[in-house]
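Now for the letters of each chain:
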Amino acid sequence: MLVTFPHMGNAYIAMKSVLEDLGVEVLVPPPCTKRTLELGAKHSPELACLPLKLNIGNYIESLERGAEVIVMAGGCGPCRFGYYAEVQREILQDLGYSFKMVVLERPQGNVRDFVKKLSMVTGGKSIIQVLASIRRATRVAVLMDELEKLCWQVRPRERDSGTVSRLMQEFHSKAYKARGSRQLSVLIGEYKNKVSDVAVIEGKEVLRIGIVGEIYTVIEPYVNLSIAEKLGCLGAEVDKSITVSYWVINHLIKEALHLHDKRELYKASYPYLRSFVGGHGQESVANTVLYKRKGYDGVIHLLPFTCMPEIVARSALPEVSRQYDIPVMTLVLDELTGEAGYMTRLEGFIDLIRRKKELDKAYEEVLPGN
């Protein structure tokens with residue numbers, strides 16, 4: 001039984017880990033490309049979210065390669081993500097594909113039901129085996145995010161531009177071939193050492209940019225046009241408010257055990273957005289405030305076209321930007337997003353922040369008492 005799943009940035013690392021440790025044959029969908037998007041857009045509703053379209057493209061490419069089972073996450077609340085699985089199932093069946101779709105709903109207090117669903121894919125493995133593989137996969141996800149964060153720190157400081165990007169291309173080509181949590185953990189450790197050894201310009205001043213928004217557009221580089229890499233090349237260190245390990249630990253494990261403490265997020269967002277609006281809309285507002293408190297120079301807000309939760313967040317962010325004196329730029333992404341215009345906006349945003357810092361510094365120097 002050949003199992004596949006949607007492609008979302010580095011999430012395939014954790015998925016490979018948990019499934020292969022349970023003895024499942026995995027077909028990792030090819031990285032998202034123009035063909036992936038064209039396939040998805042062709043067979044999806046015109047105004048569907050961009051992630052849904054790319055997921056359809058992922059599935060078609062995987063089914064063409066022999067996939068028999070699709071594993072898809074479920075959802076709830078105002079965000080349309082909760083309908084994805086059923087809509088995608090109908091689209092693929094209408095296209096004549098034969099497959100089984102297993103939808104893993106977030107285990108809100110019912111871990112046993114989640115494990116039972118996963119066991120449908122793993123040939124009836126015991127709860128103990130499934131939980132052990134999830135634990136190891138979570139550790140792999142944490143290690144992978146540590147590697148990615150290290151790249152974000154080193155890239156704007158590297159002496160030889162492009163070194164980190166070349167190392168990561170090499171890493172991903174090997175990660176596709178690695179099997180299970182043990183091999184993946186060793187491979188990640190190897191490349192953490194390689195990235196750490198990259199020659200950097202000591203003492204170089206770089207900007208710090210926080211990235212908030214809808215999870216798929218924040219994590220999947222094809223959708224956000226490799227924004228972390230582009231900003232790094234422009235001399236900015238980035239941080240993403242949501243990563244794969246953050247989602248697994250907080251939205252999957254801790255929420256299942258009722259341990260996810262959201263008080264800091266609620267407190268930060270309360271003056272601007274006082275209720276849950278679906279997806280990560282409320283978190284986008286809260287994390288913009290928190291990035292300012294951590295000393296970041298600016299925030300970029302990413303969302304797919306027609307994303308309701310992030311549209312609500314977008315309406316609150318100008319007031320956050322004004323009150324906290326932090327530049328915020330929103331980028332709306334769809335299948336028509338052009339890289340040239342996108343890059344121009346990033347360059348303009350970075351130039352604006354640099355100029356603002358210069359003016360702020362000059363203003364402080366002329367204040368009485370300085």
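The structure we're discussing is the one just above.
Rules used throughout
Residues numbered from 1 in each chain as written. Predicted model: local features only at pLDDT ≥ 70, side-chain atom pairs only at ≥ 80, totals over all residues. Heavy atoms only, no water. Salt bridge = Lys/Arg side-chain N within 4 Å of Asp/Glu carboxyl O. Helix = DSSP H or I, 4+ residues; strand = E, 2+ residues; numbered from the N terminus. Buried < 20%, exposed > 50% of the residue type's maximum accessible area, 1.4 Å probe, protein only. Axes fitted to C-alpha atoms, helices over the stretch in contact; angles between N-to-C directions. Parallel < 35°, antiparallel > 145°, perpendicular 65-115°, else oblique. Left-handed = near helix turned anticlockwise from the far one by under 90°. Contact = heavy atoms within 4.5 Å. Nonpolar A, V, L, I, M, F, W, Y, C, P; charged D, E, K, R; others polar. Pairing = 2+ DSSP bridges. Phe/Tyr/Trp six-rings, centres within 6.5 Å; stacked < 30°, edge-to-face > 60°.

Give me the pattern of salt bridges: which residues, what numbers.
Summed over all chains, the structure comprises 19 salt bridges. The partner of R35 in a salt bridge is E61, and the shortest N-O contact between them spans 3.2 Å. Residue R35 is found in helix α2 (residues 34–43), and its partner E61 is found in helix α3 (residues 50–64); the two are separated by 26 residues along the sequence. A relative accessible area of 4% places E61 in the buried class. Between K53 and E335 there is a salt bridge, and its shortest N-O distance comes to 2.7 Å. Here K53 is found in helix α3, whereas its partner E335 is found in the loop between β8 (328–333) and α15 (339–366), with 282 residues between them in sequence. One salt-bridge network, held together by shared partners, links K16, E20 and R179.

Tell me about the packing of helix α13 (residues 281–293) against helix α14 (residues 308–324), and name the residues and values.
Geometry of a packed helix pair, given as the angle between the helix axes and the separation of the axes. At a closest axis distance of 8 Å, the pairing of α13 and α14 adopts a crossing angle of 20 degrees. Judged by the inter-axis angle, α13 sits roughly parallel to α14. In the packing of α13 onto α14, the handedness of the crossing is right-handed. On α14, the residues touching G281, S284, V285, T288, V289, K292 and R293 of α13 are P309, E310, A313, A316, L317, V320 and Y324. Across the contact of α13 with α14, the residue classes tally to 8 nonpolar, 3 polar and 3 charged.

Go over the sheet that holds strand β1 (residues 2–4), please, and point to the residues and values.
Strand order in the open sheet formed by 4 strands is β2-β1-β3-β4, with parallel pairing between adjacent strands. Every interior strand has two partners, whereas the edge strands, β2 (25–26) and β4 (100–104), have only one. Alignment of β1 against strand β3 (residues 69–73), held across 2 bridges, turns out to be parallel. Among the inter-strand pairings, T4 is bridged to a residue of β3, identified as I70. On top of the sheet, α3 reaches β1, β3 and β4; it is set at about 160 degrees to β3, its chief contact.

Summarise the packing of aromatic side chains; cite the residues concerned and give the values.
Overall, the coordinates contain 5 aromatic pairs when judged by the stated rule. Centre to centre, the rings of Y12 and Y176 are 4.9 Å apart; their planes meet at 40 degrees, and the pair counts as tilted. With Y12 in helix α1 (residues 11–21) and Y176 in the loop between α7 (163–175) and α8 (180–196), the pair connects residues that are 164 residues apart, well separated along the chain. Overall, Y12 belongs to the buried group, its relative accessible area being 2%. What makes Y176 partly exposed here is its relative accessible area of 28%.

Describe in detail the packing of helix α6 (residues 127–154) against α7, supporting the description with residues and values.
Two elements in contact, α6 and α7, have axes whose closest approach is 10 Å; the angle formed by their N-to-C orientations is 160 degrees. In terms of axis orientation, α6 runs roughly antiparallel to α7. Seen along the crossing, α6 lies across α7 with a hand that is left-handed. Here M144, L147, C151 and V154 of α6 lie close against α7, whose contacting residues are V164, M168, F171 and H172. For the contact of α6 with α7, a count of residues per class yields 7 nonpolar, 1 polar and no charged.

Give me the side chain of S245: which residues, what numbers.
Tracing the sequence through the fold places S245 in helix α11 (residues 244–256). Accessibility expressed as a relative area gives 9% for S245, which makes it buried. The contacts of S245, once residues within four sequence positions are left out, are A141, V142 and D145.

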